[in-house]
Amino acid sequence: QVQLVESGGGLAQAGGSLRLSCAASGSGFTANAMGWYRQPPGKQRELVATITSAGSTTYADSMKGRFTISRDNAKNTVYLQMNSLRPEDTAVYYCNADIMYSYASRQYNYWGEGTQVTVSS
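In what follows, the accompanying structure is described. Keep in mind it's a predicted model, so treat the numbers as computed, not measured. (Residues numbered from 1 in each chain as written. Predicted model: local features only at pLDDT ≥ 70, side-chain atom pairs only at ≥ 80, totals over all residues. Heavy atoms only, no water.)

## Here we look at the packing of aromatic side chains
Going by this rule: Pairing of aromatic rings covers Phe, Tyr and Trp, the last counted by its six-membered ring, and requires centre-to-centre distances within 6.5 Å; plane angles under 30 degrees mean stacked, over 60 mean edge-to-face, and any other angle means tilted. Numbering goes from the N terminus for both helices and strands, where a helix is a DSSP run of H or I of at least four residues and a strand is a run of E of at least two. When accessible area is computed with a 1.4 Å probe and restricted to protein chains, residues below 20% of their type maximum are described as buried, those above 50% as exposed, and intermediate ones as partly exposed. In our convention, an over-ring charge means Lys NZ or Arg CZ found within 6 Å of a ring centre and within 35 degrees of that ring's normal.
Within the structure shown, the criterion is met by five aromatic pairs. Ring geometry for Tyr37 and Trp111: centres 5.0 Å apart, planes at 65°, overall edge-to-face. On the criterion of sequence distance, the pair formed by Tyr37 in strand 4 (residues 29-39) and Trp111 in strand 10 (residues 107-111) is long-range, its members being 74 residues apart. Overall, the relative accessible area of 39% leaves Trp111 in the partly exposed class. Their ring planes at 20° and their centres at 5.3 Å tell us that Tyr101 and Tyr103 sit as a pair that is stacked. Stacked on the ring of Tyr79, the Lys or Arg Arg19 has its end atom at 4.1 Å from the ring centre. Across the ring face of Trp111, the terminal group of Arg45 is positioned such that the distance to the ring centre comes to 4.6 Å.

## Focus on the pairing of strand 4
Counted only if it meets this: Two strands are said to pair when DSSP picks up at least two bridges between them.
Pairing of strand 4 with strand 9 (residues 91-101), which is carried by nine bridges, proceeds in the antiparallel orientation. Looking across to strand 9, one finds that Trp36 is bridged to Cys95. In this sheet, strand 5 (residues 46-51) lies alongside strand 4 in antiparallel orientation, the contact comprising five bridges. Across the sheet, the residue bridging to Gly35 is Thr50, located in strand 5. Hairpin connection between strand 4 and strand 5: a loop of six residues separates the two successive antiparallel strands, and Gly42 in this loop has a positive phi of roughly 75°.

## Here's the deal with the sheet that holds strand 1 (residues 3-7)
To summarise the sheet geometry, strands pair through backbone hydrogen bonds and adopt either a parallel or an antiparallel arrangement. We apply this condition: The axes are straight lines fitted to the C-alpha atoms, using for helices just the contacting stretch, and the angles between their N-to-C directions are given from 0 to 180°.
Within the open sheet, the four strands sit side by side as 1-3-8-7. Their pairing is antiparallel. For this open sheet the edge positions go to strand 1 and strand 7 (67-72), each flanked by a neighbour on one side alone. Averaged over all pairs of adjacent strands, the angle between their axes in this sheet comes to 15°, without regard to strand direction. Sheet analysis places strand 3 (residues 18-25) next to strand 8 (residues 77-82), joined by six bridges and oriented antiparallel. Bridge pairing links Ala23 to Thr77 in strand 8.

## Examining the state of the cysteines
Using the following cut-off: Only a pair of cysteine sulfur atoms within 2.5 Å counts as a disulfide in this structure description.
Counted according to the given criterion, the structure contains one disulfide. At a sulfur-sulfur separation of 2.0 Å, the disulfide partner of Cys22 is Cys95. Judged by the sign of its S-S torsion, about -80°, the cystine formed by Cys22 and Cys95 is left-handed. Linking Cys22 in strand 3 with Cys95 in strand 9, this pair joins segments that are 73 residues apart in sequence. Residue class for Cys22 comes out buried when judged on its relative accessible area of 0%.

## Considerations on the side chain of Asp98
The cut-off we apply is this: His is not counted here, nor are the chain ends, while Lys and Arg score as positive and Asp and Glu score as negative. Any Lys or Arg side-chain nitrogen located within 4 Å of an Asp or Glu carboxyl oxygen qualifies as a salt bridge. By definition in these notes, contact holds between two residues if any of their heavy atoms fall within 4.5 Å.
Mapped onto the fold, Asp98 is located in strand 9. There is no salt bridge for the buried Asp98, and the closest opposite charge comes from Arg106, which lies 8.6 Å off by N-O distance. With sequence-adjacent residues up to four places away left out, Asp98 is seen in contact with Thr30, Ala31, Asn32, Ala33, Gln107, Tyr108 and Asn109.

Have a look at this one:
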């Protein structure tokens, strides 16, 4: 059973930066697409960015130019570099991954438990 473990959240000032990490742990799997979503207080979960195993990326419009998603396939880890943070970026950030087990014929989708990011003005 794969687990996604996020780290790197915390408190930042407006205009500052934070870097989130998410490592997929377990054995006998390949991580296909990985991504980050967020859920602001009182709102629905929304897409932040995704990245395929080949490195193709997509971003929500409001994050383009400020956030950068990357990954290390050897470590099954995805990163989110967040720059020029705004108070409206305050949210719980969740890691997401499509996992293919070596014994399976389809992939499975997993979520991390989330990490809090708070941006003060």
